[in-house]
Amino acid sequence: MKHPDWTQADSREAKQIWGEYQKQHNLSDRIGQTAGIDPKNRRIWFGSSIRDIVLQRNTEGLHSPLFFQRVGSETYFRKGIRQ
Amino acid sequence: MIHGVVSADGVPTITLLIASQDWQATIDTGFNGDLELPETLRNFLNARYVGRVTSALAGGQTIEEDVYLVDFPFDGKVVQAEAAFVADHQILIGTNLLREYCLQINFVSQTVGIERVLIS
């Protein structure tokens, strides 16, 4: 299910932004951290978790949705079930 | 300490009281997040949409899904947890929700114990 505030274009843009960022920056000391990518303004936040990033952005009055990545992993979650 | 059982089909399970109803929750050690929740619980947990993530499933598939912050009753308190909602009826508890706990699964006695070991 996709939230109405998010589009496929947002996902594509966020992944592109993240791909470019990884090529340009050494993230070896951030392995395991959470990255939150804003596809609208291209900003990236780092934190210990999704919740941590949300709290950081709350202090700036920012509430728009982000695309979350786990540094050093292809996916954010690993699940033990088949859907 | 939270007590549960290993079900007849070998699944570690605990019972949680949510919205005045008992819910069976599976401890999924193959899941590195907090929670996967039934859609029917969405309106009871103050779910706030925060964005999208990709998830790798056991069959090698990768999916993209919405992620929420929820207020989840667990171990006598309400914790803010990361959750995805699915059409299934089952609650899945992932290892990240248990990061301050020791999980013991005894498949012989068919018991589950979850004890907090990190005080923060």
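The rules we used
Residues numbered from 1 in each chain as written. Chains lettered and ligands numbered in written order. Predicted model: local features only at pLDDT ≥ 70, side-chain atom pairs only at ≥ 80, totals over all residues. Heavy atoms only, no water. Contact = heavy atoms within 4.5 Å. Buried area = accessible area lost by both parts, 1.4 Å probe. Salt bridge = Lys/Arg side-chain N within 4 Å of Asp/Glu carboxyl O. Polar contact = N/O pair within 3.5 Å; in protein donor to acceptor, adjacent residues only side chain to side chain. Helix = DSSP H or I, 4+ residues; strand = E, 2+ residues; numbered from the N terminus. Nonpolar A, V, L, I, M, F, W, Y, C, P; charged D, E, K, R; others polar. Pairing = 2+ DSSP bridges. Phe/Tyr/Trp six-rings, centres within 6.5 Å; stacked < 30°, edge-to-face > 60°. Lys NZ or Arg CZ within 6 Å of the ring centre and 35° of its normal.

1. So, the interface of chain A and chain B
- At the interface, 26 residues of chain A touch 33 residues of chain B.
- Both sides of the chain A and chain B interface together cover about 2700 Å² of buried area, and 54% of this is carbon and sulfur.
- The interface formed by chain A and chain B holds 3 salt bridges in total.
- Two residues, Lys 79 of chain A and Glu 65 of chain B, come together in a salt bridge whose shortest N-O distance is 2.8 Å.
- The interface formed by chain A and chain B contains 16 residue pairs in polar contact (both at pLDDT 80 or more).
- Secondary structure elements with two or more residues in the side of chain A that touches chain B: helix 1 (8-24), helix 2 (50-59), strand 3 (66-70) and strand 4 (77-78) of chain A.
- Element by element, the count of residues in the side of chain A that touches chain B is highest for strand 3 of chain A, at 4 residues.
- The residue makeup of the side of chain A that touches chain B, split by class, is 11 nonpolar, 6 polar and 9 charged.
- The pairing of strand 4 of chain A with strand 5 (residues 48-56) of chain B spans 2 bridges and is parallel. When the bridges of strand 5 of chain B are listed, Phe 77 of chain A appears paired with Ser 55 of chain B.

2. A closer look at unusual backbone geometry
- Non-glycine residue Asn 46 of chain B carries a positive phi angle of around 50 degrees.
- Along the polypeptide, Asn 46 of chain B turns up in the loop between strand 4 (35-38) and strand 5.

3. Regarding the packing of aromatic side chains
- A full pass over the atoms with the stated rule returns 9 aromatic pairs over all chains.
- Among the aromatic residues, ring-to-ring pairing joins Trp 18, Tyr 21 and Phe 46 of chain A into one connected group.
- The ring of Phe 31 of chain B is capped by Lys 79 of chain A, whose NZ or CZ atom sits 5.5 Å from the centre of that ring.
- When the ring centre of Phe 85 of chain B is taken as origin, the NZ or CZ atom of Arg 42 of chain B, which lies over that ring, is 4.6 Å away.

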